[in-house]
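So you can see what is in the structure, the chains are spelled out below.
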Amino acid sequence: MLKIYNSLTQNKELFTPLQTGKINIYVCGPTVYDYCHMGNARSFAAFDVVVRYLRYRGYEVTYTRNITDIDDKIINRANENKEPFMAVVERFTQAMHEDLAQLKLLIPDHEPRATEFIAPIIAMIETLLKNGYAYVAQNGDVYYDVRKFKDYGLLAHRDIDKLESGARVDIVDVKHDPLDFVLWKLAKPGEPKWESPWGEGRPGWHIECSAMSTGLLGESFDIHGGGKDLIFPHHENEIAQSEAATGKKFVNVWMHAGYLQIEKEKMSKSLGNFFTVRDLLAKYSGEVLRYFLVVSHYRSSLHYSEDAIKQAENSLTRFYIALRSLPDAKPIKNSEFEAKFIEAMDDDFNSPIAVSVLFDLAHEIQRLRDKNDLATAAAHGALLKNLAGVLGLLQTDPEQFLQAGKDELDVSKIEALIVARNKARQEKNWAEADRIRQELVGMKVVLEDGAQGTTWKRG
């Protein structure tokens, strides 16, 4: 039975979909004013695994991840570059898609943009004004009146009087309360703008997600996800405005991914201590980066280091060596490995335990291979590939992974040297065979001699 940790209740809860067999999930996506950084990718990869596992368990999942395409940061970047804001949006949206594809992230079923939902946003603000939860300030902006919502602060688990304003909640004199947040802001000269009952302007950040999620998934839906940094104020504000507008419970389960840290600090653009996905893809394969992102439990802090990436590469190499040269086969059924994998993932998507099961399965494949039971080894190999696929891993041809790299190798020369070495060994010319091996070592090539012949991988 699947249990999920609900950030709202701070407990693992038995998960029951609102609609039998179907799950609607919304994940907060990026603000596209720059390249996607690894902190963003950590959250996106975590929920990619959640969606994959739910589908593996037979649920019909509708996965929505939005794009914030109108925001102060986008406008500022456009002004810096002296270009239209949509040129910034399109460039970095395309770059995000390219980078996330390298990490093997699923394409969401819906990828709404805030600017596509201006009419629903305006309608929701009108409802909030009508219901007494919003007001038009002296400067013409529309604000949400936080004190009117009795449950404000439940997600952050803090009393409203102890909550700090800030963090994308502008503090201005026209507010009734410092915690009040903008729903609609009038445009300044030269800024992007849309018509509204309150004047030409644009939506605030928080209202965008409420309009997009309820518009696509309904007034109540199953799972809302994002990084821990979004709990307050963004997700707290989403609850307040959505439930005040609809009168219904907004989300059944709140899930939040832990921070990606570097030198014990959260990786973020505001702190300037970040790596973009694109930076690291220039050095490492997408699968290595994905393994690094998903091997830790999604709620835990994940610490970035070169050593951690190297460990991810070494772990994948072990898996692909286990799968190498196995004949095609159907996965073994009713396996204890699959049962243990499901048990781990049913426990709040416990990927570290699930990966340990995959290592046990890889070890069993090697044991069967050593016994020369290739048929059974192949069936276990097919199972390994299937289960790893739930984590988005091990779907590459083993030879391609083991021989790939960012620097070019002369594959034809390597293969010719292997042929020459094998000939020297057949002729018992051990000195020549050793010389060729050392030449290959100098090319960063490691040879493996087995029953099926000699194979190679990058050193």
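### Description of the pairing of strand β2 (residues 11-14)
Part 1 of the reasoning: Looking at chain direction, strand β1 (residues 3-6) and β2 are connected through 4 bridges and run antiparallel. Within β2, the position partnered with K3 by the bridge is L14.
Part 2 of the reasoning: Connecting β1 to the antiparallel partner β2 that follows it, the hairpin turn spans 4 residues, and Q10 within it adopts a positive phi of roughly 60 degrees.

### Structural notes on the sheet that holds strand β13 (residues 302-303)
Part 1 of the reasoning: The sheet built from 3 strands is open, its strands ordered β12-β11-β13 with mixed pairing. Sheet topology places β12 (265-266) and β13 at the edges, where each strand pairs with a single neighbour.
Part 2 of the reasoning: Here strand β11 (residues 260-262) pairs with β12 via 2 bridges, running antiparallel. Residue pairing for β12: I262 is matched across the bridge by E265.

### Some points on helix α6 (residues 231-246)
Part 1 of the reasoning: Across its 16 residues, α6 extends 21 Å between first and last C-alpha, which sits within 8% of the 22 Å expected from 1.5 Å per residue.
Part 2 of the reasoning: Of all the 16 residues making up α6, 14 are buried; the element is thus mostly covered by neighbouring parts of the structure.
Part 3 of the reasoning: Positioned one or two residues after α6, G247 has a phi angle of 75 degrees, which is positive.

### Some details on the packing of aromatic side chains
Centre distance and the angle of the planes are the two values used to describe a pair of aromatic rings.
Part 1 of the reasoning: One pass over the structure, following the stated rule, counts 17 aromatic pairs.
Part 2 of the reasoning: Aromatic pair Y53 and F349: ring centres 6.1 Å apart, planes at 90 degrees, arrangement edge-to-face. In this pair, Y53 is assigned in helix α1 (residues 38-56) and F349 in the loop between α10 (336-346) and α11 (351-370), connecting sequence segments 296 residues apart. By the burial criterion, Y53 is buried, and F349 matches it.

### Overview of the packing of α10 against helix α12 (residues 374-390)
Part 1 of the reasoning: The contact between α10 and α12 brings their axes to 11 Å, and the two run at 10 degrees. Overall, the two elements α10 and α12 adopt an arrangement that is roughly parallel. Counting all contacts with α10, which are made through F337, E338 and F341, the residues of α12 involved are H380, L383, L387 and V390.
Part 2 of the reasoning: Of the residues contributing to the contact of α10 with α12, the split by class is 5 nonpolar, 1 polar and 1 charged.

Definitions and limits used
Residues numbered from 1 in each chain as written. Predicted model: local features only at pLDDT ≥ 70, side-chain atom pairs only at ≥ 80, totals over all residues. Heavy atoms only, no water. Pairing = 2+ DSSP bridges. Helix = DSSP H or I, 4+ residues; strand = E, 2+ residues; numbered from the N terminus. Expected span 1.5 Å × (residues − 1). Buried < 20%, exposed > 50% of the residue type's maximum accessible area, 1.4 Å probe, protein only. Phe/Tyr/Trp six-rings, centres within 6.5 Å; stacked < 30°, edge-to-face > 60°. Axes fitted to C-alpha atoms, helices over the stretch in contact; angles between N-to-C directions. Parallel < 35°, antiparallel > 145°, perpendicular 65-115°, else oblique. Contact = heavy atoms within 4.5 Å. Nonpolar A, V, L, I, M, F, W, Y, C, P; charged D, E, K, R; others polar.

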